[in-house]
Amino acid sequence: IFRPAASGLDSHGYLKQSRLIATEGRNFEVVESRAQFTGYTWRPSLVKGRYDNPWPAGFPATLAATRIVFGAKAVYWANPIMASLALVAFFLFCRERIGPRWSLAALILFAINPVFNQHIHYNYSHIAVLFFLMMSLALAVRGLRAERSALLLLAAGLSAGCIPSMRMIESIFVPAIF
């Protein structure tokens, strides 16, 4: 049985919750043994023998969908793919605001940022938040300049609406987009 390894306790919580969503259809842990590792991210529930994860289920649900469609090992590709798409969206956003040459310079600086690259390798939700933030910004800026802007602005709003489902604290970014 393939059980994905985690780079840290946060990653363990996300991967475990995504496995539970994909295989069991639930996002809580049921204690089956006293020797079972639960991790610090799981809190005792009001229901006896059950542990809940206090983090939003958006990122684990994304990983669960990836697992269902592409297999268990594919969850490790979710962050690098979302990071690549975030860079594309960042370039498109910058191109609308500062032109193509400066956008390329901004993209290079963003891509070589060590903190950005570090988060790609950990299965944390930061890259997913960045992806949806960049998508919403790129769609909003493009939608404000397009003739048929309603669909682009709707997509920007939906992308921004995904952010709190990934990390609740980053929901403060959503009002800044619009």
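Please refer to the structure placed before this passage.
Residues numbered from 1 in each chain as written. Predicted model: local features only at pLDDT ≥ 70, side-chain atom pairs only at ≥ 80, totals over all residues. Heavy atoms only, no water.

(A) Helix H4 (residues 100-111), seen in detail. Between its terminal C-alpha atoms H4 stretches 16 Å, which fits the 16 Å expected from twelve residues at 1.5 Å a residue. Listed in full, the buried residues belonging to H4 are Ser103, Leu107 and Phe110. For H4, the arc enclosing every buried residue in end-on projection is 65 degrees, short of the 170-degree limit, so these residues lie on one face. With respect to the buried face of H4, the exposed residues turned more than 90 degrees away are Arg101, Trp102 and Leu109. Contacts made by the buried residues of H4 are with helix H3 (75-98), helix H5 (114-121) and helix H6 (126-145). (Helix = DSSP H or I, 4+ residues; strand = E, 2+ residues; numbered from the N terminus. Expected span 1.5 Å × (residues − 1). Buried < 20%, exposed > 50% of the residue type's maximum accessible area, 1.4 Å probe, protein only. Arc of directions from axis to C-beta. Contact = heavy atoms within 4.5 Å.)

(B) Structural context of the packing of H3 against H6. With their axes 8 Å apart at the nearest point, H3 and H6 run at an angle of 30 degrees to one another. One finds that H3 runs roughly parallel with respect to H6. For the element pair H3 and H6, the recorded crossing hand is left-handed. Contacts from Asn79, Met82, Ala83, Leu85, Ala86, Ala89, Phe90, Leu92, Phe93, Glu96 and Arg97 in H3 reach Ile127, Ala128, Leu130, Phe131, Met134, Met135, Leu137, Ala138, Val141, Arg142 and Arg145 in H6. Of the residues that constitute the contact of H3 with H6, the class distribution is 17 nonpolar, one polar and four charged. (Axes fitted to C-alpha atoms, helices over the stretch in contact; angles between N-to-C directions. Parallel < 35°, antiparallel > 145°, perpendicular 65-115°, else oblique. Left-handed = near helix turned anticlockwise from the far one by under 90°. Nonpolar A, V, L, I, M, F, W, Y, C, P; charged D, E, K, R; others polar.)

(C) Spatial organisation of the nonpolar core. Within the largest apolar cluster, 31 residues are counted, with the highest numbers of intra-cluster contacts made by Phe59, Leu63, Met82, Phe116 and Met134. Only helix H1 (9-24), helix H2 (58-70), H3, H4, H5, H6 and helix H7 (149-166) provide two or more residues apiece to this core. Leaving out residues up to four positions away in the same chain, Met134 has contacts with Ala86, Ala89 and Phe90. (Core = buried A, V, L, I, M, F, W, Y, C linked by side-chain atoms within 4.5 Å.)

(D) Inspection of a nonpolar patch on the surface at higher detail. A contiguous nonpolar patch, built from Tyr76, Trp77, Ile81 and Leu85 and spanning about 420 Å² of accessible area, is present on the exposed surface. With respect to the helices and strands, the residue Leu85 is situated in helix H3. (Patch = residues over 30% accessible without salt bridge, like charges linked within 9 Å, V, L, I, M, F, W, Y side chains within 5 Å. Areas by Shrake-Rupley, 256 points an atom, 1.4 Å probe, with all protein chains shown as cover. Salt bridge = Lys/Arg side-chain N within 4 Å of Asp/Glu carboxyl O.)

Without other data, these values stay purely geometric and don't point to any function.
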